[in-house]
Amino acid sequence: MSTKIYHNPRCSKSRKTLQLLEENGVEPEIIEYLKTPPSKSELKAILQALDMNPRDLMRKGEAEYKENNLADESLSNDQLIDAMLKHPKLIERPIVVTPENKFALGRPPENVLDII
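Residues numbered from 1 in each chain as written. Predicted model: local features only at pLDDT ≥ 70, side-chain atom pairs only at ≥ 80, totals over all residues. Heavy atoms only, no water.

Trainee: I'd like a description of unusual backbone geometry, backed by residues and values.
Mentor: The step from Arg-93 to Pro-94 runs through a cis peptide bond, and the omega angle for that step is -10°. The topology assignment puts Pro-94 in the loop between α4 (77–86) and β3 (95–97). Between Arg-107 and the following residue, Pro-108, the backbone shows a cis peptide bond with an omega angle of 0°. Among the secondary structure elements, Pro-108 is positioned in the segment after β4 (103–105). (Helix = DSSP H or I, 4+ residues; strand = E, 2+ residues; numbered from the N terminus.)

Trainee: Tell me about the environment of Lys-89, and please be specific about residues and values.
Mentor: Position of Lys-89 among the secondary structure elements: in the loop between α4 and β3. With 55 residues separating them in the primary sequence, Lys-89 and Leu-34 have C-alpha atoms 6.3 Å apart. Beyond its immediate stretch of four places on either side in the chain, Lys-89 contacts Leu-34, Arg-59, Glu-62 and Glu-64. (Contact = heavy atoms within 4.5 Å.)

Trainee: Can you lay out the pattern of salt bridges for me, pointing to particular residues and giving the numbers?
Mentor: Side chains carrying opposite charge are able to pair once their charged atoms draw close together. Taken as a whole, this structure holds eight salt bridges when the rule is applied. For the salt bridge of Glu-32 with Lys-35, the shortest nitrogen-to-oxygen distance reads 3.3 Å. Relative accessible area serves as the criterion here: at 28%, Glu-32 is assigned to the partly exposed category. Residue Lys-35 is classed as exposed on the basis of its relative accessible area of 66%. As a salt-bridge pair, Glu-92 and Arg-107 come within 2.7 Å of each other at their nearest N and O atoms. With a gap of 15 residues between them, Glu-92 in the loop between α4 and β3 and Arg-107 in the segment after β4 connect regions that are remote in the sequence. Classification of Glu-92 by relative accessible area gives buried; the value is 14%. The partly exposed category is assigned to Arg-107, whose relative accessible area is 31%. Salt bridges sharing partners connect three or more residues here, namely Arg-59, Glu-62, Lys-89, Glu-92 and Arg-107. (Salt bridge = Lys/Arg side-chain N within 4 Å of Asp/Glu carboxyl O. Buried < 20%, exposed > 50% of the residue type's maximum accessible area, 1.4 Å probe, protein only.)

Trainee: Describe the sheet that holds β4, with residues and values.
Mentor: Across the sheet, which stays open at both edges, the four strands sit in the order β2-β1-β3-β4 with mixed pairing between neighbours. Where the open sheet ends on each side, the last strands, each with one partner, are β2 (29–32) and β4. The mean angle between the axes of side-by-side strands here comes to 20°, regardless of whether they run parallel or antiparallel. In the sheet, β3 pairs with β4 via three bridges, with the strands oriented antiparallel. Within β4, the residue paired with Val-97 across the bridge is Phe-103. Packed on one face of the sheet, helix α1 (residues 12–23) meets β1 (4–7), β2 and β3 and runs near 160° to β1. Running over the sheet, helix α2 (residues 40–50) touches β1, β3 and β4 and is turned about 85° from β4. (Pairing = 2+ DSSP bridges. Axes fitted to C-alpha atoms, helices over the stretch in contact; angles between N-to-C directions.)

Trainee: Describe the side chain of Thr-3, listing the residues and the values that go with them.
Mentor: Position of Thr-3 relative to the elements: it lies in the segment before β1. Apart from residues no more than four positions distant in its own chain, Thr-3 is found in contact with Val-26, Pro-28, Glu-29, Val-96, Val-97, Thr-98 and Pro-99.

Structure below.
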């Protein structure tokens, strides 16, 4: 298994994180998660490894967040995860996973330096 980056090439933080990885000799497998979202089990594993709940990993400024009333506190974690899978744009990015199962959210991009 190689290092993976859940990447959005249109996002400056995601591009900077990818650049930092490459500058440090890491050639990651690039997963454009808007085209190929993680499975439900993968997303749950990511959340657990990052020690986050689904709302922590959601982009709350996206229209889909408001349109689907995802600020509703009564929604369960599973409902939030399902919304993230249905609308992958809601998933905060970039997420880097190493072969040793170390995870980091590249916000700021320098966070990934702790796991490589």
